[in-house]
Amino acid sequence: MARLKHIIPSMFHRRVLLLGAIAAGAFVLLGARLGWMTIVDGHAAREQAEKRLVRRSWYPTVRGQILDRKGRVLAVDRASYDLSVDYRVLDGSWALSRARQHARRVHKDRWGLMSDAQRDALVLQIADAYEEHVESMMKYIVRETKVDRRELDERRQAIVDQIQRMHAQYYDRTKTRLIEDRKRSGLPLEDGDLARIERIASQPIREMVQGHVLVEGISDEIGFRLMRLIGRELVVRARGDIDGRQARSVELLPGLEVIDASERVYPFTSVQVDFDLRSFPLPMREQRAVGVEVDDVASLVLGRVDDRVFETDVNRRNERFDSDDEFRAWASTADGIDRGRYGLNGDRVGRTGLEAAYEDDLRGLRGVRIEQLQTGMVREMPTEVGRDLHLTIDVMLQARIRGLIDPRLGLTRVQGWHNNPRPEIMTIGTELGAGVVVIEVGTGEILAMVTGPTPPRDGDWARLGIADDAQRVYFEKVHSPYVSKAIAKPYPPGSVAKALILCGSAAHDVYHPGERIKASGHLIEDRADILRSWIFKQHGITHADQLGHDPDGVEALMVSSNVFFFTLGQRLGARNIAEVYNRFGVGYRYELGVGTVWPGSIGGLRTENDGSDLTKFDAIQLGIGQGPVTWTPLHAADAFATIARMGYNIEPTLIRDGTAPRVTDVSIPSWAASEALEGLRKVVSDPQFGTGYAMTFDTQKDPVFNAPGIEVWGKTGTATSSPLVIDPDDSGEGDNGPLEPRVVRAGDHSWYVSLVAPKGDGPQYAIAVVVDYGGSGGRVSGPINNQVIHALIAEGYLPEANVEAGP
């Protein structure tokens, strides 16, 4: 300081210097901040500024179609839009509010000096212009939509009256409640309290600050034309404003919103199908056809859309947009906004089935109108319709099969000739659930994937004979209608698996060409009560007695010898038999995109499906498809198709997207596949020993399959199942009535799996049928499998011969 005094002796100059230093420091700080804002924050600031100068108008998305293999439309958007107008425009309060804002701005210099009466007079004078503007919009709506003006005014007044009644009720309830609360508190009710209560009770309700539909069902052409006008402005002048100095800008279409009210339409939800009863089992056979209105043809496959978009839907879309570069490049605007984002009125989202699995593809992209407010330049990106989804399914084949398993036709009701062993539980007429899959052998494409019963798409349970919630809950417990029995419900394979075990045993070198295996009635010599063949259990004879010699692989399949395949299971052991099932897809989850698909299981449900937890006894049981193993009709049809291809698996597909299916050599000897096919042929065609050849009614044999000119390879199966026990009056929500739990279904599941082709050709189609608690494969699933073949003929997949099917 002394040195500074020596250099600058004047106090005045020192103070000037100090003030200059302070000012310089301030300028440095300001410059630094300016530099930071320009260089670091400049880009973000410019973006924010540009956003204020840009107006975007978004148009709704249009979902792509879902089509079957022949191009028939299964799901499509039916374009439709509603016009919604804000309540404040409808009741006139918008015009008064805007007029008050207008008047205050024009007369801002003396507004505070005016009396209330003077202000109201100015507002009313200007309000006429805003009311005329609303009237112009109403005339424009009438002109564009062709709606009757009187109907429009009546609708407008009805909305206003309804909301006013709602507000009056809210006012009365709220005021009464607040006064009662005040009295209960013990405090006196003073004038200030009444004024506060009045203010609270008079608050507008939600319906008074939102839009209401004024016109329904306008076309997409009109809807898009109005969308382009929303957000535009024009100038409103008050009366007497000759030079326009008091004019103000206002929305061209105040309070108007175009709401996407498009419907997702499923044209094949209901289909009329005729069935020729001449090919039905003998007790049901008639010389006529019967028509059935088949409902919910492919509802679980197609799924549904939901008009409620949840936060999880938004987050899922955002995550994909952020992480998938290819998807983001397709879906974004030039400045990186997702054109498929959720958020507009009328937004829908795929909730189940294919609609959910392919949501991002089907959804499509919004159109957008971008207006530069500074320059007036307008740029539009048109709506991009969602991508179409092409299925391998034939919807008419699907409809025919869906009709076949409709209880009204009788094939999925307990019949007297089913020889049901538990008639006290499942009386004649009891409805049975079923699942069916049809695969094209040459391509692996799924032609039909049917389950029944299914929940009604329209929610009308009454058409299923269900009158109330209690009956619906009971029905759901018994039938599990939301679970596809074709792909999602686990079943033991039963004897159907014997063809796989024969091929797998050959691959593991524990069975050799033409080898005969001792066909005693039971596997363990001194235990005639377990591990028995069915014929020994029922009649006390062996297959060696029946055939005159021990069977080879072909004959063992033909007569369905349990002991033969117990022996192969024993030879394979736990690890190897699990590996055989693995080869044929058990434990593999098919990626179909239709929701839950059961992958199959070997051993415990939480194991690796590798046999590590199987016992020797388990391995023996798995030799005949019993014990700890499960699969689905899709696995069954896929496995038989693999045998038909001599050991080549083509992964089943449901979507035709141009990609080649996965093909795998499962490494089974061709001679083993040939033996299996020959055995399956004899199951169906050998009138003496074929276990799937015919049903016997009294003394008359009625062949299971009766389509002339068609070759069939097949295998029946009865799969052991635990009884189904339910509590009939337990709602599942804690309301349990007095009724005790009881057994409602008991017995074996019924299987019949087949391969079919025109005579002289190799197998072309694989068909798998399972019926819940149906019992006999030949008597219950067999007739359904036969009718599936007739459906393939009716839809042109197999040739039709002009021969009577039966007497």
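Analysis parameters
- Residues numbered from 1 in each chain as written.
- Predicted model: local features only at pLDDT ≥ 70, side-chain atom pairs only at ≥ 80, totals over all residues.
- Heavy atoms only, no water.
- Helix = DSSP H or I, 4+ residues; strand = E, 2+ residues; numbered from the N terminus.
- Rg over C-alpha atoms; globule rule 2.2 N^0.38 Å.
- Buried < 20%, exposed > 50% of the residue type's maximum accessible area, 1.4 Å probe, protein only.
- Contact = heavy atoms within 4.5 Å.
- Lys, Arg positive; Asp, Glu negative; His and termini not counted.
- Charge placed at Lys NZ, Arg CZ, Asp CG, Glu CD.
- Arc of directions from axis to C-beta.
- Pairing = 2+ DSSP bridges.
- Axes fitted to C-alpha atoms, helices over the stretch in contact; angles between N-to-C directions.
- Salt bridge = Lys/Arg side-chain N within 4 Å of Asp/Glu carboxyl O.
- Core = buried A, V, L, I, M, F, W, Y, C linked by side-chain atoms within 4.5 Å.
- Parallel < 35°, antiparallel > 145°, perpendicular 65-115°, else oblique.
- Left-handed = near helix turned anticlockwise from the far one by under 90°.
- Phe/Tyr/Trp six-rings, centres within 6.5 Å; stacked < 30°, edge-to-face > 60°.
- Nonpolar A, V, L, I, M, F, W, Y, C, P; charged D, E, K, R; others polar.

Draft legend 1. Focus on the overall build of the protein. Within the protein one finds 25 helices and 29 strands. Compactness check: the protein gives a C-alpha radius of gyration of 38 Å against a globular reference of 28 Å for 807 residues, more than 25% above the reference. Dimensions along the principal axes, computed over C-alpha positions, put the protein at roughly 130 × 85 × 65 Å. Counting only residues that meet the buried cut, the protein has 49% of its 807 residues in that class. A separation of at least 24 residues holds for 73% of the contacts in the protein among residues at least 6 apart in sequence. Each charge class in the protein was averaged separately, 100 positive and 113 negative side chains, and the resulting centres sit 7 Å apart.

Draft legend 2. Quick peek at unusual backbone geometry. The peptide bond linking Gly452 to Pro453 adopts the cis configuration, its omega dihedral lying at -5°. Tracing the backbone shows Pro453 in the loop between strand S18 (446–452) and helix H16 (469–479). Of note, Asp509 is a non-glycine position whose phi angle comes to about 65°, a positive value. Within the fold, Asp509 resides in the loop between helix H17 (498–507) and helix H18 (534–539). In this structure Asp509 comes out as exposed when scored by relative accessible area, which is 53%. A positive phi angle is found at Asp698, which is not glycine, with a value near 60°.

Draft legend 3. Molecular detail of helix H8 (residues 191–201). Turning to H8, its buried residues number three or more, namely Asp193, Ile197 and Ala201. For H8, the arc enclosing every buried residue in end-on projection is 65°, short of the 170-degree limit, so these residues lie on one face. Of the residues in H8, the exposed ones pointing more than 90 degrees away from the buried face are Asp191, Gly192 and Arg199. Elements in contact with the buried residues of H8: helix H7 (149–184).

Draft legend 4. Region of the structure containing the sheet that holds strand S5 (residues 211–218). Read from one edge of the open sheet, 3 strands run S5-S4-S8, paired in antiparallel fashion. Looking at the sheet topology across the chains shown, the edges are occupied by S5 and strand S8 (256–260). The average undirected angle you get between the axes of adjacent strands in this sheet is 25°. Both strand S4 (residues 81–86) and S5 contribute to a ladder of 5 bridges, which runs antiparallel. When the bridges of S5 are listed, Asp86 appears paired with Gly211. On the sheet, helix H9 (residues 220–229) packs against S4, S5 and S8 and is oriented at approximately 35° with respect to S4.

Draft legend 5. Structural context of the pattern of salt bridges. Under the definition given, this model contains 61 salt bridges. With a closest N to O distance of 3.1 Å, Glu251 and Arg98 form a salt bridge. You can see Glu251 sitting in strand S7 (residues 248–251) and its partner Arg98 sitting in helix H5 (residues 93–106), a full 153 residues away along the chain. Judged by relative accessible area, Glu251 falls into the partly exposed class, the value being 26%. Linked through salt bridges whose partners overlap, the residues forming this network are Arg63, Asp77, Arg264, Arg348, Glu355 and Glu359.

Draft legend 6. How the structure looks around the sheet that holds strand S9 (residues 263–265). With respect to topology, 4 strands assemble into an open sheet ordered S9-S3-S2-S16, the strand pairing being mixed. Each edge of the open sheet is held by one strand with a lone partner, namely S9 and strand S16 (389–390). The pairing of strand S2 (residues 66–67) with strand S3 (residues 73–78) spans 2 bridges and is antiparallel. The partner of Ile66 across the bridge, within S3, is Ala75.

Draft legend 7. Focus on the side chain of Ser560. With respect to the helices and strands, the residue Ser560 is situated in the loop between helix H20 (553–559) and helix H21 (562–583). When its relative accessible area of 13% is taken as the criterion, Ser560 is described as buried. With sequence-adjacent residues up to four places away left out, Ser560 is seen in contact with Ser495, Lys498, His543, Thr691 and Lys715.

Draft legend 8. Local environment of the environment of Ile726. Within the secondary structure, Ile726 sits in strand S26 (residues 724–726). Along the primary structure Ile726 and Leu19 are separated by 707 residues, whereas in three dimensions their C-alpha atoms are 92 Å apart.

Draft legend 9. View of the side chain of Thr716. Relative to the helices and strands, Thr716 resides in strand S25 (residues 710–719). Once residues within four sequence positions are removed from consideration, Thr716 is found in contact with Ser495, Val496, Thr691, Gly692, Trp751, Tyr752, Gly777 and Gly778.

Draft legend 10. Inspection of the environment of Met377 at higher detail. Within the fold, Met377 resides in the loop between strand S14 (368–372) and strand S15 (378–381). For Met377, a relative accessible area of 52% corresponds to the exposed category. Separated by 323 residues in the primary sequence, Met377 and Val54 have C-alpha atoms spaced 9.9 Å apart. In this view, Met377 contacts Ile370, Glu371 and Gln372; residues no more than four positions away in its chain are not counted.

Draft legend 11. Spotlight on the pairing of S4. Along S4, 6 of the 6 residues are buried, which leaves the element largely enclosed by surrounding structure. Taking every second residue as pointing to the same face, both faces of S4 are buried, with Tyr81, Leu83 and Val85 on one and Asp82, Ser84 and Asp86 on the other. Examined bridge by bridge, S4 and S8 share 5 bridges and lie antiparallel to one another. Note on S8: the bridge partner recorded for Ser84 is Glu257.

Draft legend 12. Seen up close, the nonpolar core. Within the largest apolar cluster, 146 residues are counted, with the highest numbers of intra-cluster contacts made by Met449, Leu592, Leu654, Ile789 and Leu792. Of all the elements, H21 adds the most residues to this core, at 10 residues. Counting residues in each nonpolar core, the second largest holds 45 residues, with Val123, Ala129, Tyr140 and Ile205 among its members.

Draft legend 13. Main features of the packing of helix H6 (residues 116–145) against H7. At a minimum axis distance of 10 Å, the contact between H6 and H7 shows a crossing angle of 125°. For the element pair H6 / H7, the angle class is oblique. The element H6 and its partner H7 pack so that their crossing is right-handed. Every residue of H7 that contacts H6 at Val134, Glu135, Met138, Lys139 and Val142 is listed here: Arg149, Leu152 and Arg156.

Draft legend 14. Looking closely at H9. When we look at burial in H9, the residues that qualify are Ile222, Gly223, Phe224, Leu226, Met227 and Leu229. The inward-facing, buried residues of H9 contact strand S1 (54–58), S4, H6, S5 and S8.

Draft legend 15. Geometry of the packing of aromatic side chains. For the structure on display, the rule yields 14 aromatic pairs. Pairing Tyr491 with Trp751 gives two aromatic rings, centres 6.0 Å apart and planes at 80°, and the pair type is edge-to-face. Of the two residues, Tyr491 sits in the loop between H16 and H17 while Trp751 sits in strand S28 (residues 749–758), which places them 260 residues apart along the sequence. Take Tyr491: its relative accessible area is 0%, and that puts it in the buried class. With 5.6 Å between their ring centres and 90° between their planes, Tyr588 and Tyr590 make a pair best called edge-to-face.

Draft legend 16. Structural view of the packing of H5 against H6. The geometry of H5 relative to H6 is characterised by a closest axis approach of 7 Å and an angle of 125° between their N-to-C directions. In this view, H5 runs oblique relative to H6, as classed from their interaxial angle. Judged by the sense of rotation from one axis to the other, the crossing of H5 with H6 is right-handed. On the side of H5, the interface is formed by Trp94, Ala95, Leu96, Arg98, Ala99, Arg100, His102 and Ala103, while H6 contributes Asp120, Leu122, Val123, Leu124, Ile126, Ala127, Tyr130, Glu131, His133 and Val134. For the contact of H5 with H6, the per-class residue count stands at 12 nonpolar, 2 polar and 4 charged.

By themselves these figures say nothing about function.
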